[in-house]
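For reference, the chains in residue letters:
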Amino acid sequence: MILAAKIVTVFVALLHLYFLWLEMFAWTTKAKKVFRKFPKDLFEPTKAMAANQGLYNGFLAAGLIWALLISDPYWSTYVALFFLGCVLVAGIYGAISVSKRIFYVQGIPALIAIVLWIIANYDKLAYWTF
């Protein structure tokens, strides 16, 4: 089960690396094809804002990758759950404030990974302090 949790976590990290690239480096080119409902004339004026969002997505990806590189299984789990929780909150907020699609693209994979991490570490739950 831990392998499945790590695979889904890698997927979530890769998604956020893609968001980083799209928002920081391809906002005025490729992003126009991804965000079709966003007015074309607003891509250039919102370039700095999008780059800032991309940077935050990069931090999320970095945290998830870091979680996978930690050798201590407890700390790896805690760090993964923290950053996946951040992704889930961002997905929920995006769904409420922008589009429900954000929850499906960002929130659902994070939620699946969270559930898998918890199942994989169920035997250790007695030691966790929530």
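None of these values were measured; they are calculated from a predicted model.

## Quick notes on the overall build of the protein chain
Counting its regular elements, the protein chain contains five helices and zero strands. Taking the principal axes of its C-alpha atoms as reference, the protein chain extends roughly 55 × 25 × 20 Å. When the 130 residues of the protein chain are sorted by exposure, 38% land in the buried category. Considering only intrachain contacts with a sequence separation of at least 6, the fraction spanning at least 24 residues in the protein chain is 60%. Surface summary for the protein chain: the accessible area is close to 8100 Å², and the carbon and sulfur share equals 71%.

## Section: the environment of Phe83
Topologically, Phe83 is positioned in helix 4 (residues 73-97). Relative accessible area serves as the criterion here: at 17%, Phe83 is assigned to the buried category. When neighbours within four sequence positions are excluded, Phe83 is seen to be in contact with Phe59, Leu60, Gly63, Leu64 and Trp66.

## Observations concerning the nonpolar core
The biggest cluster of nonpolar side chains holds 20 residues, and the ones touching the most others in it are Val12, Leu64, Leu84, Val87 and Trp117. Counting only elements with at least two residues in this core, the list comes to helix 1 (2-25), helix 3 (47-69), helix 4 and helix 5 (100-120). A total of seven residues in this core trace back to one element, the largest contributor, which is helix 4. For Leu84, the contacting residues outside a window of four places in its chain are Thr9, Val12, Leu64, Ala110, Ala113, Ile114 and Trp117. Within the second largest apolar cluster, six residues are counted, among which are Leu22, Ala26, Ala31 and Ala50.

## Topic: the packing of aromatic side chains
Throughout the structure, instances matching the rule amount to 10 aromatic pairs. Considering the side-chain rings of Phe38 and Phe43, the 4.9 Å spacing of their centres and the 80° angle between planes classify their relative orientation as edge-to-face. Looking at Phe38, the relative accessible area reads 26%, which means it is partly exposed. Pairing Trp75 with Tyr78 gives two aromatic rings, centres 5.8 Å apart and planes at 85°, and the pair type is edge-to-face. Of the two residues, Trp75 and Tyr78 are both situated in helix 4; the distance of three residues between them amounts to about one turn of the helix. For Tyr78, a relative accessible area of 33% puts it in the partly exposed group. Clustering of aromatic rings is evident, with ring pairs tying together Trp27, Phe35, Phe38 and Phe43.

## Let's talk about the environment of Ile92
Topologically, Ile92 is positioned in helix 4. On the basis of relative accessibility, which here comes to 37%, the residue Ile92 falls in the partly exposed class. Remark: the alpha-carbon pair of Ile92 and Trp117, spanning 25 residues in sequence, is separated by 20 Å.

## Description of the packing of helix 3 against helix 4
With their axes 8 Å apart at the nearest point, helix 3 and helix 4 run at an angle of 160° to one another. Our classification of the angle between helix 3 and helix 4 gives roughly antiparallel. Like other packed secondary-structure pairs, helix 3 and helix 4 cross with a definite hand, here left-handed. Within the contact between the two elements, helix 3 uses Phe59, Leu60, Gly63, Leu64, Trp66 and Ala67 and helix 4 uses Ser76, Val79, Ala80, Phe83, Leu84, Cys86 and Val87. Among the residues making up the contact of helix 3 with helix 4, the classes are represented as 11 nonpolar, two polar and no charged.

Reading guide: rules and limits
Residues numbered from 1 in each chain as written. Predicted model: local features only at pLDDT ≥ 70, side-chain atom pairs only at ≥ 80, totals over all residues. Heavy atoms only, no water. Helix = DSSP H or I, 4+ residues; strand = E, 2+ residues; numbered from the N terminus. Buried < 20%, exposed > 50% of the residue type's maximum accessible area, 1.4 Å probe, protein only. Contact = heavy atoms within 4.5 Å. Areas by Shrake-Rupley, 256 points an atom, 1.4 Å probe, with all protein chains shown as cover. Core = buried A, V, L, I, M, F, W, Y, C linked by side-chain atoms within 4.5 Å. Phe/Tyr/Trp six-rings, centres within 6.5 Å; stacked < 30°, edge-to-face > 60°. Axes fitted to C-alpha atoms, helices over the stretch in contact; angles between N-to-C directions. Parallel < 35°, antiparallel > 145°, perpendicular 65-115°, else oblique. Left-handed = near helix turned anticlockwise from the far one by under 90°. Nonpolar A, V, L, I, M, F, W, Y, C, P; charged D, E, K, R; others polar.

Distances and angles like these do not, on their own, reveal function.
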